[in-house]
Amino acid sequence: MHLNIIKTSDSVYQVAADDYTIICDSSVNKITVQLPPPWNNLGREIVIKKANSDRYKLNSNIVEICCEESKIDINNSVVLKSNYSTRTLQSDGESWHIINKIG
């Protein structure tokens, strides 16, 4: 099984149709990851990881995960503060759910 992985440092990243794992390098700026509507993605999993390419910088900017059309569990957004923390999300067709959390 091969799943798509992408690295981004864009301040806003719109999740693409073939994205599975998204590595967010927040060493330079805050990153907002915008999830697609859950009703168009029934059963889909997305993994989002916060990275920091500047090994001399202990703290980096946050990564915020949001979906304009829905909540994530009961929240409007999820914030990753710790370097190398990860969230795995899955859609049930009505909303996005955190099904795994590291950091």
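Residues take numbers from 1 onward in each chain, read along the sequence in its written order. With pLDDT at 70 or above as the cut-off, local features in this predicted model cover only qualifying residues; side-chain atom pairs require 80 or more to be listed or tallied, and sums for whole chains, interfaces and linings still use all residues. The basis for every side-chain value is the complete set of heavy atoms in the structure, and neither hydrogens nor water enter the calculation.

### A few points about the nonpolar core
Note on terminology: a nonpolar core comprises buried Ala, Val, Leu, Ile, Met, Phe, Trp, Tyr and Cys residues joined through side-chain atoms within 4.5 Å. For every residue, the accessible area (1.4 Å probe, protein chains only) is compared with the maximum for its type, and the residue is labelled buried under 20%, exposed over 50%, or partly exposed between those bounds. By size, the foremost hydrophobic cluster in this structure holds 17 residues, and its most contacted members are I22, V33, L35, I48 and I65. Numbering of helices and strands runs from the N terminus; a helix is a DSSP stretch of H or I covering at least four residues, while a strand is a stretch of E covering at least two. Broken down by secondary-structure element, the contributors of at least two residues to this core are strand 3 (21-25), strand 4 (31-34), strand 5 (45-51), strand 6 (63-66) and strand 7 (77-80). Contact definition: two residues touch when any of their heavy atoms are within 4.5 Å. Residues in contact with V33, not counting those within four places in the same chain, are Y13, V15, I22, C24, I48, V63, E64, I65 and C66.

### Observations concerning the sheet that holds strand 2 (residues 12-14)
Spatial ordering of the open sheet is given by 2-4-6-7, a layout of four strands whose pairing is mixed. Every other strand in the sheet has two partners, leaving strand 2 and strand 7 as the edge strands with one partner each. Between one strand axis and the next, the sheet turns by 20° as a mean value, whatever way the strands run. Pairing between two strands is assigned when DSSP locates at least 2 bridges connecting them. Of the pairings in the sheet, the one linking strand 6 to strand 7 comprises four bridges and is antiparallel in character. Across the sheet, residue E64 finds its bridge partner in strand 7, namely V79. Between N-to-C directions, angles span 0 to 180 degrees; the directions come from axes that are lines fitted to C-alpha atoms, helices contributing only their stretch in contact.

### So, unusual backbone geometry
Across residues other than glycine, the phi torsion is negative in most instances, and most of the peptide bonds are trans. Its identity as a non-glycine residue notwithstanding, D73 has a phi of 55°, on the positive side. Looking at the element boundaries, D73 is found in the loop between strand 6 and strand 7. A relative accessible area of 33% places D73 in the partly exposed class. Even without being a glycine, Y84 presents a positive backbone phi close to 70°. Judged by its relative accessible area of 46%, Y84 falls in the partly exposed class.

### As for the sheet that holds strand 3
Read across the sheet, five strands follow the order 1-3-5-8-9 without closing on themselves; strand pairing throughout is mixed. Each edge of the open sheet carries a strand with a single partner, namely strand 1 (5-8) and strand 9 (96-102). Taken over all neighbouring pairs, the strand axes of this sheet differ in orientation by 20° on average, direction set aside. Pairing between strand 8 (residues 86-91) and strand 9: six bridges, direction antiparallel. When the sheet's bridge partners are listed, T88 is paired in strand 9 with N100.

Note that all results are geometric; they support no functional claim without further evidence.
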